[in-house]
Amino acid sequence: MTERQGGSDVRANETTARPDGDEWILDGHKWFCSAPQSDAFLVLAQAPAGLSCFLLERPQPGFRIERLKDKLGNRSNASAEIVLDGAVARLVGDEGRGVRTILEMVVHTRLDCVLGSAAIMRRAVAEATHHATHRAAFGRLLAEQPLMQNVLADLCLETEAATATALRLARAFDEDDAPFRRLATAVAKFWVCKRTPPLVAEALECLGGNGFVEESQLPRLYRESPLNSIWEGSGNVSALDVLRALGREPETAEAFLDEVRLAAGADARLDAAVARLERDLSAPDEAGARRLLESLATTLQASLLVRHAPSEVADAFCASRLERPGGVYGTLGPGLDAGAIVARHTPSAGG
């Protein structure tokens, strides 16, 4: 999809497609081609009727790899710059409707991004809680020290909320719940993926200098953590996608609100957040779109945890996330059962 001059603006793509009997001939370049060793690719190109989607198979002479990308992370998955020089392809969907056609694939990949980021969070938190459970400093295990316990509990809340969100979104795909899925995919993609890098950084710090050493695996997770926020649409793309859905498909907002209202009356803080969200959804604007997505995401996560998580988890999340969703980790308020929260996310001795 991506070309030098376009980036996320795929309608600016310059790769051309001309008909040749039942096939099409593609000429141009692509700035990012993931997994170039694959057998087939979906490609956007400008046909006579407009931007269209094509299936291009390889190997073939018209598909040429110019170079591999030297990336920050995700190194096990090759990415390349490619040239299409008389490449043979087949039209997928209707000519001139390429964006709509390829978005069917992109939406599923955005679910992958949410699941992958939730998994990275879980791995990072497992490393941090395991280390703190076995590392002693100043005469006590780290996991028994109030300040460290607060940090660990905060990280555990984040990963549990991300996991609940990812699995609820996956269920919407399984059940073909299109109205809820339409909005929730963009919201979860934005928030879960964007929360992953700071969480991994904090988990790495829990190991101290050991976390900065490659053998700990935290540096690899840290390098990997920003990718899903960029892949298949960066944060602003997700925010604009939500605004577009709200404007063109108002039923998506109602489906989202119906989901968060399933926990109505269970927590006063959540009820207040839902009321604020209802007001914010009535008049969304581009400048405040990121704040709106924060509110959508944290309200959904609070609703899911209130319904499905132990009370200590739900209570701590509502107390710490609904009014300051982007707060620094390790600043949970008093009176919360941090030990119980951490225990849910600490690997067992044999794990």
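Note that the coordinates shown come from a computational prediction; the quantities given were computed from them, not determined experimentally.

Moving on to the packing of aromatic side chains. Remark: the centre distance and the inter-plane angle together describe each pair of aromatic rings, the angle taken between the planes. In total, this model carries 3 aromatic pairs according to the counting rule given. A cation over a ring is seen here: Lys69 above Trp31, with NZ or CZ 3.4 Å from the ring centre. Here the guanidinium or amino end of Lys69 rests over the ring plane of Phe32, the centre of that ring lying 4.7 Å away.

Moving on to the pattern of salt bridges. Tallied over the entire structure, the rule returns 28 salt bridges. Residue Glu158 pairs with Arg195 through a salt bridge whose shortest N-O separation is 2.9 Å. Taken together, the positions of Glu158 in helix H2 (residues 146-174) and Arg195 in helix H3 (residues 178-206) put the pair 37 residues apart, joining distant regions of the chain. For the pair Glu158 and Arg195, one class covers both residues: buried. Among the ionic pairs, Glu259 bridges to Arg307, the shortest N-O distance being 2.9 Å. One end of the pair, Glu259, is in helix H7 (residues 251-260); the other, Arg307, is in helix H9 (residues 289-308), and 48 residues separate them in sequence.

Let's shift gears to the layout of surface pockets. Over the atoms, a rolling probe the size of a water molecule traces out where space has been left empty. In this structure, the second largest pocket occupies an estimated 270 Å³ of space. As for the second largest pocket, its lining consists of 14 residues, of which Asn74, Ser76, Arg220, Leu221 and Glu224 are closest to the centre. Of all the secondary structure elements, the ones that give two or more residues to the lining of the second largest pocket are helix H1 (98-134) and helix H4 (218-224). Top contributing element to the lining of the second largest pocket by residue count: H4, with 4 residues.

Analysis parameters
Residues numbered from 1 in each chain as written. Predicted model: local features only at pLDDT ≥ 70, side-chain atom pairs only at ≥ 80, totals over all residues. Heavy atoms only, no water. Phe/Tyr/Trp six-rings, centres within 6.5 Å; stacked < 30°, edge-to-face > 60°. Lys NZ or Arg CZ within 6 Å of the ring centre and 35° of its normal. Salt bridge = Lys/Arg side-chain N within 4 Å of Asp/Glu carboxyl O. Helix = DSSP H or I, 4+ residues; strand = E, 2+ residues; numbered from the N terminus. Buried < 20%, exposed > 50% of the residue type's maximum accessible area, 1.4 Å probe, protein only. 1 Å grid on protein atoms, 1.4 Å probe; cavity = no way out; pocket = protein on both sides within 12 Å on 5 of 7 lines; lining within 4 Å. Points joined across faces, edges and corners; volume = space filled by probe spheres on them.

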